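Architecture and fold: a report
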Amino acid sequence: MAAWDLSVSVEELGPDAPPLKISVTSDLHIGGVILKVVEKSQPAKNTSLPSLFDPLTLALSILILFLKKHAPCRLALCSFINSVKVFRRVFICALAGIIPKLANGMPAFFTETPETEAVYKMLAVSQPAPAPETIAKLYRSTNITEKAHINSRWLDSSRSLLQQGVKENDKLLLRFKYYTFHDISPQADAVRLTQLYEQARWAILLEEIECTEEEMMVFAALQYHIGKVSLTEQFVASCPAMDDLDSALQCLEVKMEGESSADDMLETMTAPELHDYLKIFRPKRLTLKGYKQYWFTFKDTTISYFKSKEESCKEPIQQMNLKGCEVAPDVSVAGQKFCIRLLIPGPEGMNEVYLRCEHEQQYSRWMAACRLASKGKTLADSSFSSEVQSIQSFLAMQKTTPSTNAAQTDESINTHSLVSPRYQKKYKPKQLTPRILEAYQNVAQLSLTDAIQKFLQIWQALPDFGLSYIVVRFKGCRKDEVLGIANNRLIRIDLSVGDVVKTWRYNTMRQWNVNWDIKQVAIEFDGNVNIAFSCVTADCKIVHEYIGGYIFMSTRSREQSNTLNEELFHKLTGGHEAL
């Protein structure tokens, strides 16, 4: 019960004010200390301190900072609470309009005053195209190592801003960290969709994600169109009747997916197959130089190929199970090149295979089948037809369409604001304008909502979409490598050449652990596969939070979408601090 003095620095008294001397005892509660401080200085009543003093940690003459609990932060949607965990702070932003509850077609938070309604309308509209000088001045990562360094900047969601050194009026960037998007409804989520579109647009402009030249022209055309229609058109506002109709349709969809007729069961038992002549190329096999034509069959999740159609009743030359493989397009519509790049897991690493199709219809079917097979789905899956249509729709956007002379000479288009610096250097504006306007003819009839959704859909179809990179050192290895973290898998990448070495799916993961003392992550997969690595460019807590966060996302379903289990999130991502 001995008494001792505490030195309390009060922020609002100014940096030059001497600390206050407060005499306390070990049984004095925090309210008593605050009262003593208030009596001496009359500071703000909002504070951020523990609920009780611990005499073992608050030793004699310790220095305490008496700070405001609430402080402004330079972020678009909120002023923030210093002592609230980052996860909780993002949830506050969600209530403010990113995961909204609606009132009069907009989040309830924004309907309180005409001023807040005006703020909502501003946030729901995409920003004008940036000047080329602005794009040129911004930081651009030039290699995978620099991309990995960006991911070292994520805040810890289980700790407060104050604990992580964020001060009043510091600038923070609000970004989607996990590339698994839940509950996005075009009728209700104007702010959220716009934010996602801005993040995708800047990822393209700053070359954070690779895309082909034809894809860049489509992205540019969509940006141009979105910029034009944003001046006169807004997102479709929802109304209670439409919300009820949407809910009823969703329930009907779930019900229909859960029910199966005799015909459905028969179709499942006799799953559809693909049969075609394709060409195959294996870059790492010296026995196969260039593309060679074979007869291919696609059944379940396996591709088999034969010397000819007549020999398809015999044993295949080879079978390739695509479950867990990496699938990427290698397409040039103008050059009539329709290839599929496959990285298939094998005992000694990833086997690279290219399949070449004759035309876009064939490519659309086989590409859709490969994408589904990589996820463990067959051609009988209900999403096969929509996947084919999505691929065909994107290919159609890349086709050259004859346009009017007025469109060809449109001088209002600022081409260098719509493409990344790589193409700014490669082409002059007069060369880019007709190409962008040709692509624009294919999207000019889209509404604002449809155009933004189409942009996001194409962004999500890019080969490197959703990959977050961390430089790591695997246990037993002498050189650094890259760990790619996606929403459904981990990828081991050779740092020197960028090749995929190995892929591990989350659905085969048995457990993962972090040794916080030596900063090492250990993961066990099915089949007695064990890996361990230390992180080079980021704290291992960031990797731990990525893995736990994606597993948390996988536990959410449509029925549970309105309830966020914060406790489960912190159990999966918080590590030893949460425990």
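Use the structure listed above.
The shown structure was predicted, so the numbers you read here are calculated from the model rather than taken from an experiment.

Moving on, we come to the side chain of Arg-371. With respect to the helices, strands and loops of the structure, Arg-371 is situated in helix α10 (residues 360-374). Arg-371 gets classed as buried once you look at its relative accessible area, which sits at 19%. Filtering out sequence-adjacent residues up to four positions away, Arg-371 remains in contact with Val-327, Glu-387, Ile-391 and Ala-461.

Okay, helix α16 (residues 540-554) next. With 15 residues, α16 should reach 21 Å at 1.5 Å per residue; the first-to-last C-alpha distance of 21 Å fits that figure. In terms of residue burial, α16 counts as a mostly covered element, since 13 of its 15 residues are buried. The N-terminus of α16 is capped by Asp-539, whose side-chain oxygen sits 2.7 Å from the backbone nitrogen of Lys-541.

This next bit is on the packing of helix α6 (residues 190-205) against helix α15 (residues 448-460). Viewed as axis vectors pointing N to C, α6 and α15 meet at an angle of 50°, and their least axial separation amounts to 10 Å. Considering their axes alone, α6 and α15 lie oblique with respect to each other. Taken as a pair, α6 and α15 cross one another with a handedness that is left-handed. Facing α6, whose interface residues are Leu-193, Leu-196, Tyr-197, Ala-200, Arg-201, Ala-203 and Ile-204, α15 presents Ile-452, Phe-455, Leu-456 and Trp-459.

What follows covers the pairing of strand β2 (residues 20-25). Burial along β2 is one-sided: the residues Leu-20, Ile-22 and Val-24 are buried and none of Lys-21, Ser-23 and Thr-25 is. Pairing geometry for strand β1 (residues 3-10) and β2, over six bridges, is antiparallel. Its bridge partner lying in β2, Leu-6 is registered against Ile-22.

It is worth spelling out the pattern of salt bridges at this point. In the structure shown here, the tally under the stated rule is 20 salt bridges. The shortest N-O distance in the salt bridge between Lys-426 and Glu-213 comes to 2.9 Å. You can see Lys-426 sitting in helix α13 (residues 421-426) and its partner Glu-213 sitting in helix α7 (residues 213-229), a full 213 residues away along the chain. Connected through salt bridges with shared partners, the residues Asp-156, Lys-177, Lys-541 and Glu-545 form a single ionic network.

Of the strand pairs in this sheet, strand β15 (residues 468-474) and strand β21 (residues 529-535) are connected by three bridges, and their pairing is antiparallel. Along β21, the bridge assignment pairs Val-472 with Cys-535. By the bridge criterion, six bridges tie strand β20 (residues 520-525) to β21 in an arrangement that is antiparallel. The partner of Ala-522 across the bridge, within β21, is Ala-532.

Reading across the sheet, the seven strands line up as β18-β17-β16-β15-β21-β20-β19 and stay open at both edges, with antiparallel pairing between neighbours. At either margin of the open sheet sits one strand with a lone partner, and together these are β18 (500-505) and β19 (509-515). Within this sheet the neighbouring strands show an average axis-to-axis angle of 30°, counted without direction. Contacts from α16 reach β15, β16 (481-485), β17 (489-493), β19, β20 and β21 within the one sheet, and its direction differs from that of β19 by about 155°.

Cut-offs applied
Residues numbered from 1 in each chain as written. Predicted model: local features only at pLDDT ≥ 70, side-chain atom pairs only at ≥ 80, totals over all residues. Heavy atoms only, no water. Helix = DSSP H or I, 4+ residues; strand = E, 2+ residues; numbered from the N terminus. Buried < 20%, exposed > 50% of the residue type's maximum accessible area, 1.4 Å probe, protein only. Contact = heavy atoms within 4.5 Å. Expected span 1.5 Å × (residues − 1). Polar contact = N/O pair within 3.5 Å; in protein donor to acceptor, adjacent residues only side chain to side chain. Axes fitted to C-alpha atoms, helices over the stretch in contact; angles between N-to-C directions. Parallel < 35°, antiparallel > 145°, perpendicular 65-115°, else oblique. Left-handed = near helix turned anticlockwise from the far one by under 90°. Pairing = 2+ DSSP bridges. Salt bridge = Lys/Arg side-chain N within 4 Å of Asp/Glu carboxyl O.

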